[in-house]
Amino acid sequence: MKIITLLLLGLLSTAALALEPGERLAPWTLLDQFDVPYTLNEETRILLVARDMDGAKLVNTALEGKSEGYLDERQAVFLAGISRMPSVIATLVALPKTRDYDYRILLDRDTRIAPRYPTGEGDVLWLQLQDGRLVAQRKFKEAGALEQALAAELH
């Protein structure tokens, strides 16, 4: 009986994480790779979420060679969950490397924010927002497809 109860509780907590169109995303603040705070706000149109290294690499490949401000022009931000990375590697290798990128990376260092946005291993979750509300969402597994979607977003 305990196992069934635990399974049901797990299913309910997973269902609670599902995002529905029209839902307002709760604001949060994270530091980027330069320790500059960013707060999710109603101006943000696109939230890209990668919860692992493979997802982050996909975003990096899609943005390779793009000009500084490419995401800003699209009112887009990139959230990377890095809490699964050993802290020594994150501090000595990964974080210094992120400072070389021409785009802001919001770093979820302690698994506070990224779990709110369910996505699979190696995927990038794209949340399309309007006035802080979820309009649509899609997942990307290929950098080329993500690159094309971002290119189409310039208004």
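Please refer to the structure higher up on the page.
Let me begin by describing the structure that accompanies this report.

Cut-offs applied
Residues numbered from 1 in each chain as written. Predicted model: local features only at pLDDT ≥ 70, side-chain atom pairs only at ≥ 80, totals over all residues. Heavy atoms only, no water. Helix = DSSP H or I, 4+ residues; strand = E, 2+ residues; numbered from the N terminus. Buried < 20%, exposed > 50% of the residue type's maximum accessible area, 1.4 Å probe, protein only. Contact = heavy atoms within 4.5 Å. Areas by Shrake-Rupley, 256 points an atom, 1.4 Å probe, with all protein chains shown as cover. Pairing = 2+ DSSP bridges. Axes fitted to C-alpha atoms, helices over the stretch in contact; angles between N-to-C directions. Core = buried A, V, L, I, M, F, W, Y, C linked by side-chain atoms within 4.5 Å. Phe/Tyr/Trp six-rings, centres within 6.5 Å; stacked < 30°, edge-to-face > 60°. Lys NZ or Arg CZ within 6 Å of the ring centre and 35° of its normal.

A separate point is the overall build of the chain. Assigned secondary structure in the chain consists of five helices and seven strands. The order of α-helices and β-strands along the chain, N terminus first, is α-β-β-β-α-α-β-α-β-β-β-α. Residues classed as buried in the chain amount to 42% of the 155 residues present. Residue pairs in contact within the chain that sit at least 24 positions apart in sequence constitute 74% of those at least 6 positions apart. For the chain, the accessible surface area stands at approximately 8,900 Å², while carbon and sulfur atoms represent 58% of it.

Moving on to the sheet that holds strand 3 (residues 46–50). Spatial strand order, 5-4-3-6-7: five strands in an open sheet with mixed pairing. In this open sheet, the two strands that pair with only one neighbour each are strand 5 (105–108) and strand 7 (133–140). Within this sheet the neighbouring strands show an average axis-to-axis angle of 25°, counted without direction. As paired elements, strand 4 (residues 76–81) and strand 5 share four bridges and run parallel to each other. Note that in strand 5 the partner of G81 across the bridge is D108. Docked against the sheet, helix 2 (residues 53–63) engages strand 3, strand 4, strand 6 (124–130) and strand 7, running at close to 65° with respect to strand 6.

Let us look at the environment of P27. Along the chain, P27 falls in the loop between helix 1 (2–17) and strand 1 (29–31). Remark: the alpha-carbon pair of P27 and N41, spanning 14 residues in sequence, is separated by 6.3 Å. Ignoring sequence-local partners within four residues, the contact set of P27 consists of L40 and R116.

Among the nonpolar cores identified, the biggest contains 24 residues, and L48, L71, F78, W126, L146 and L150 are the most heavily contacted of them. Secondary-structure elements contributing two or more residues to this core are strand 3, helix 2, helix 3 (70–73), strand 4, strand 5, strand 6 and helix 5 (143–151). Counting residues per element, this core draws most heavily on helix 2, at five residues. Ignoring sequence-local partners within four residues, the contact set of L48 consists of L71, V77, F78, L79, V124, L125, W126, L146 and L150. Among the nonpolar cores identified, the runner-up in size contains 17 residues, and W28, L30, Y38 and I113 belong to it.

For any pair of aromatic rings, the description rests on two quantities: the centre-to-centre distance and the angle between the ring planes. All told, the structure shown has three aromatic pairs when counted by the stated rule. On the numbers, 6.3 Å between centres and 50° between planes, the contact of F78 with Y103 is tilted. In this pair, F78 is assigned in strand 4 and Y103 in the loop between helix 4 (87–98) and strand 5, connecting sequence segments 25 residues apart. By the burial criterion, F78 is buried, and Y103 matches it. Aromatic rings pair up to connect F78, Y101 and Y103 into one cluster. Note that K66 overlies the ring of Y70, its terminal NZ or CZ placed 5.8 Å from the centroid.

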